[in-house]
Amino acid sequence: MKRWIAFWNILVKDMRTYYLKPPNISWGLIFPLAWTGMFFVKSGAGPESLLALLPGVVALSVLFGTTSLLAVTVTFEKRNRSFERLLLAPLSLELLLLAKTGGAIIFGVANAFVPVIMAACLADLSHIAWSTFVPAVLLIAVASTFLGLVIAVAVSEVFEAQTFSNFFRFPMVFLCGLFFPVESLPLFLRPLSYVLPLTYGADLLHGAVDSTNALPPVLDVSALALFCLGLFVASLGNVKRKWIL
Amino acid sequence: MNRVRRGSASAAPYPKNMTATAISAEGLAKHFGEVAAVESVTFSVLRGEVFGLLGPNGAGKTTTINMLTGLARPDAGTIRIAGLDCTARPRAAQHLIGVVPDDNNLYPELTGFDNLRFCAALYGMRKAERQGRARELLDAFGLAEAAGGKFGGYSRGMKRKLTLAAGIIHQPEILFLDEPTTGLDVASARQIRQLLADLHRAGTTIFLTTHYLEEAERLCDRIAFLVAGRIVRTDTVENLLQLVRGRYVVQVTCTRTPPSLAEKLTAAFPDFGFDTAKPGLIRVEATGPVHVGPLVRFLEEAGAEVVEAVRLRPSLEDVFVQITGIEAEAMRKEKERVRSGE
């Protein structure tokens, strides 16, 4: 019970303290919406084309939202040494990292529904398979958060975390089938797509929104679960190796 | 300052097989690349004792504390905290210890009250208990009026006091403090020393590092001198002071001193040692009583204006200088310089 009190309070403190920090607003909300607006205007299509853009912008919102938040909650606290307080608490490292990432996962899921709510005002979303869509958002949020954790643990400054994140985030925008299918990429780039977690998340979302998924949902879910596990184990190892010297 | 209780109701109990030794370190070593930060460090701290680790900047004090508290893994040696083997499992005793780091590392965005409540929650304290304990400590440290202010806006003294309060929020049996009063004004440092004395009386085991030798002399039961990563001496304060009991030290204050005074003094009084490094102060050391009359007359004839001459009680500083060869004043200045980021 005591461990869960600690877990819950770490999560709530991060949500209260960091959700409205400028990097999270700019990278987590404004950037994905601006990106979508650009695609929408460029396509010249009407509101009905929004559905085709929705999986991409949802995945983008989750990816940028979670990775930006981790850069603040983990890297910033490590830099001002307040993270040591958490390391000194009678809490397993696994639970501690889950508490630190929990706030980012919730932030990512909430971020995903900002474009969904906006789209609901302009288009008919009744055909979306929500039973696939919501778990897909959650899985993308978990995988992106753990990717953010790997990055946040690897650097020492918040700006480094944001910059390092962009090395992964921007290629993913083009390589993961968010706005155009992976099949339309040059052949030599396609293998790269399939080693990035967002490809599987975006595919799940495409399947839920307009049934245009390229892979079986079971494969998407399994791949995302594997990415989550691998990234979490890598972060845990990094914390043990780099922060407990 | 109000007294701070360390009640037993919510304090984490020692394990039943707990011996009289609260902290035991044997053969500790830690290297950073080629540099040996700590080498063959062995000591034990008894339950309820105040143990001081003294040494200059870079001696390995913080590395030692980090190893004891689970923030660093020793390359060699064993650590037992309250009888628990923390060598293989560095975090095994986290529920028994409180740590006050040398940095005030609370959360700048949170208020003083919220910081304490959050730290209490990290130790699994329930809501009512953590609110009550936070209020109690804010009162005890004279921070009640600033409780609603953000930690980032606190003065250095207020930050230090709140950091200390956070370290004892869960009433730990063993408290580690890294330079608890460095950079504080006299009043705040005194408050903190009073608090540590209260905790000591209440039975808390205290392990502290400091470079203020007079503070260590006042607070500690036993002291270890750490130099270049190695412990050069561990003993009770009383036994350490015995080393300099046979020495006589007189300090002469002058408003004006002529040049080449040290050479003239040494020539005139060959049995005495003279230190004239500080302007206006002459420190005289001898193995027998120093008769100040001839000394003062000589100084005035040499052109000095003597204001006063006092005999100094031998202090831990003298012991430290004798054992380590390091001037305490130089150590203090170096530490202050590092802390102020020069």
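Residues numbered from 1 in each chain as written. Chains lettered and ligands numbered in written order. Predicted model: local features only at pLDDT ≥ 70, side-chain atom pairs only at ≥ 80, totals over all residues. Heavy atoms only, no water.

## Brief notes about the overall build of chain B
And then number 1: Of the regular secondary structure elements, chain B holds eleven helices and 14 strands.
And then number 2: Out of the 342 residues in chain B, the part that is buried amounts to 52%.
And then number 3: Nonlocal contacts in chain B, meaning residues at least 24 apart in sequence, comprise 72% of its contacts between residues at least 6 apart. (Helix = DSSP H or I, 4+ residues; strand = E, 2+ residues; numbered from the N terminus. Buried < 20%, exposed > 50% of the residue type's maximum accessible area, 1.4 Å probe, protein only. Contact = heavy atoms within 4.5 Å.)

## Quick word on the state of the cysteines
All names here are of chain A.
And then number 1: Overall, the coordinates contain zero disulfides over all chains when judged by the stated rule.
And then number 2: Sulfur of cysteine 228: no disulfide; nearest cysteine sulfur belongs to cysteine 176 and is 14 Å away.
And then number 3: The exposure class assigned to cysteine 228 is buried, which follows from its relative accessible area of 9%. (Disulfide = S-S within 2.5 Å.)

## Regarding the interface of chain B and chain A
And then number 1: Contacts between the two partners involve 32 residues from chain B, matched on the other side by 30 residues from chain A.
And then number 2: Roughly 2800 Å² is buried in total at the junction of chain B and chain A, and carbon and sulfur atoms are behind 56% of that figure.
And then number 3: When the buried surface of chain B facing chain A is broken down by residue, Leu71, Arg91 and Leu122 of chain B rank first, second and third, together holding 24% of it.
And then number 4: Across the contact surface, chain B and chain A share eleven residue pairs in polar contact (both at pLDDT 80 or more).
And then number 5: Those elements that provide at least two residues to the side of chain B that touches chain A are strand 1 (21-32), helix 2 (112-122) and helix 4 (156-167) of chain B.
And then number 6: The dominant element in the side of chain B that touches chain A, judged by the number of residues it contributes, is helix 2 of chain B, at five residues. (Buried area = accessible area lost by both parts, 1.4 Å probe. Polar contact = N/O pair within 3.5 Å; in protein donor to acceptor, adjacent residues only side chain to side chain.)

## Here we look at the environment of histidine 127 of chain A
All names here are of chain A.
And then number 1: Inspection of the secondary structure puts histidine 127 in the loop between helix 5 (93-122) and helix 6 (130-154).
And then number 2: A C-alpha to C-alpha distance of 13 Å links histidine 127 and valine 116, two positions eleven residues apart in sequence.
And then number 3: Apart from residues lying up to four places away in sequence, histidine 127 is in contact with Ala208 and Val209.

## A word on the pairing of strand 11 (residues 248-256) of chain B
Residues and elements named next belong to chain B.
And then number 1: Direction of pairing for strand 11 relative to strand 13 (residues 281-286): antiparallel, over a ladder of six bridges. Counted as the bridge partner of threonine 253 is leucine 281 from strand 13.
And then number 2: In terms of strand pairing, strand 11 meets strand 14 (residues 305-312) through seven bridges, oriented antiparallel. Counterpart to arginine 256 in the pairing with strand 14 is glutamate 305. (Pairing = 2+ DSSP bridges.)

## With respect to the packing of aromatic side chains
And then number 1: Under the definition given, this model contains 24 aromatic pairs over all chains.
And then number 2: Between the aromatic rings of tryptophan 4 of chain A and phenylalanine 7 of chain A, the centroid separation amounts to 5.2 Å while the plane-to-plane angle is 70°, which identifies the pairing as edge-to-face. In this pair, tryptophan 4 of chain A and phenylalanine 7 of chain A both sit in helix 1 (residues 2-18), three residues apart, roughly one turn of the helix.
And then number 3: Three or more aromatic residues joined by ring pairs make a cluster, and in this case those are Phe43, Phe51, Phe176 and Phe207 of chain B.
And then number 4: The ring centre of phenylalanine 151 of chain B lies 5.8 Å from the NZ or CZ of lysine 159 of chain B, which sits over that ring. (Phe/Tyr/Trp six-rings, centres within 6.5 Å; stacked < 30°, edge-to-face > 60°. Lys NZ or Arg CZ within 6 Å of the ring centre and 35° of its normal.)

## Focus on the pairing of strand 8 (residues 205-210) of chain B
Side-chain positions along a regular strand alternate between the two faces of the sheet.
Residue and element names in this part refer to chain B.
And then number 1: Within strand 8, six of the six residues are buried, which leaves it mostly tucked inside the rest of the structure.
And then number 2: Residues Thr205, Phe207 and Thr209 point to one face of strand 8 and Ile206, Leu208 and Thr210 to the other, with burial holding for every one of them.
And then number 3: As paired strands, strand 7 (residues 174-178) and strand 8 are joined by five bridges and run parallel to one another. Its bridge partner lying in strand 8, isoleucine 174 is registered against threonine 205.

## Details of the sheet that holds strand 12 (residues 273-275) of chain B
Residue and element names in this part refer to chain B.
And then number 1: What the four strands build is an open sheet, ordered 12-13-11-14; its pairing is antiparallel. Edge positions in the open sheet fall to strand 12 and strand 14, since each of these has one partner strand only. Between one strand axis and the next, the sheet turns through 20° on average, direction left out of account.
And then number 2: Packing against the sheet, helix 9 (residues 292-301) makes contact with strand 11, strand 12, strand 13 and strand 14, and its axis sits at approximately 150° to strand 14. (Axes fitted to C-alpha atoms, helices over the stretch in contact; angles between N-to-C directions.)

## Structural notes on the nonpolar core
And then number 1: One finds Ile23, Ile81, Phe176 and Phe207 of chain B to be the most contacted residues of the largest nonpolar core, which totals 114 residues.
And then number 2: Excluding its chain neighbours within four sequence positions, the residues that come into contact with isoleucine 23 of chain B are Phe43, Ser44, Val45, Leu68, Arg80, Ile81, Ile174, Phe176 and Phe207 of chain B. (Core = buried A, V, L, I, M, F, W, Y, C linked by side-chain atoms within 4.5 Å.)

## What about the confidence of the model for chain B?
And then number 1: The share of residues in chain B with pLDDT of 70 or more is 90%, and the mean pLDDT across the chain is 85.
And then number 2: Averaged pLDDT values over the elements of chain B bottom out at 60 in helix 11 (residues 328-339) of chain B and peak at 96 in helix 2 of chain B. (pLDDT = per-residue confidence, 0-100.)

## What about the domain arrangement of chain B?
And then number 1: In terms of domain boundaries, chain B breaks down into domain 1 (21-236) and domain 2 (248-313).
And then number 2: Each of domain 1 of chain B and domain 2 of chain B was reduced to a C-alpha centroid, and the two centroids are 41 Å apart. (Domains from an automatic or database assignment.)

## Some details on the environment of leucine 139 of chain A
And then number 1: Within the secondary structure layout, leucine 139 of chain A lies in helix 6.
And then number 2: Between the alpha carbons of leucine 139 of chain A and leucine 198 of chain A there is a distance of 9.7 Å; along the sequence they are 59 residues apart.

## A short note on the environment of glycine 56 of chain A
Residues and elements named next belong to chain A.
And then number 1: Within the element layout of this structure, glycine 56 appears in helix 3 (residues 50-79).
And then number 2: For glycine 56, a relative accessible area of 0% translates into the label buried.
And then number 3: Sequence separation between glycine 56 and arginine 85 is 29 residues; the distance between their C-alpha atoms is 38 Å.
And then number 4: With near-sequence residues (within four places) excluded, glycine 56 lies in contact with Leu178 and Phe179.

## A few points about the sheet that holds strand 8 of chain B
Residues and elements named next belong to chain B.
And then number 1: With respect to topology, six strands assemble into an open sheet ordered 6-7-8-3-9-10, the strand pairing being mixed. Each of the sheet's edge strands pairs with one partner strand only, and the pair in question is strand 6 (97-100) and strand 10 (230-236). When the angles between neighbouring strand axes are averaged without regard to direction, this sheet yields 15°.
And then number 2: Helix-sheet contacts for helix 1 (residues 61-69) involve strand 3 (50-54), strand 6, strand 7, strand 8 and strand 9 (222-227), and the interaxial angle to strand 7 is about 150°.

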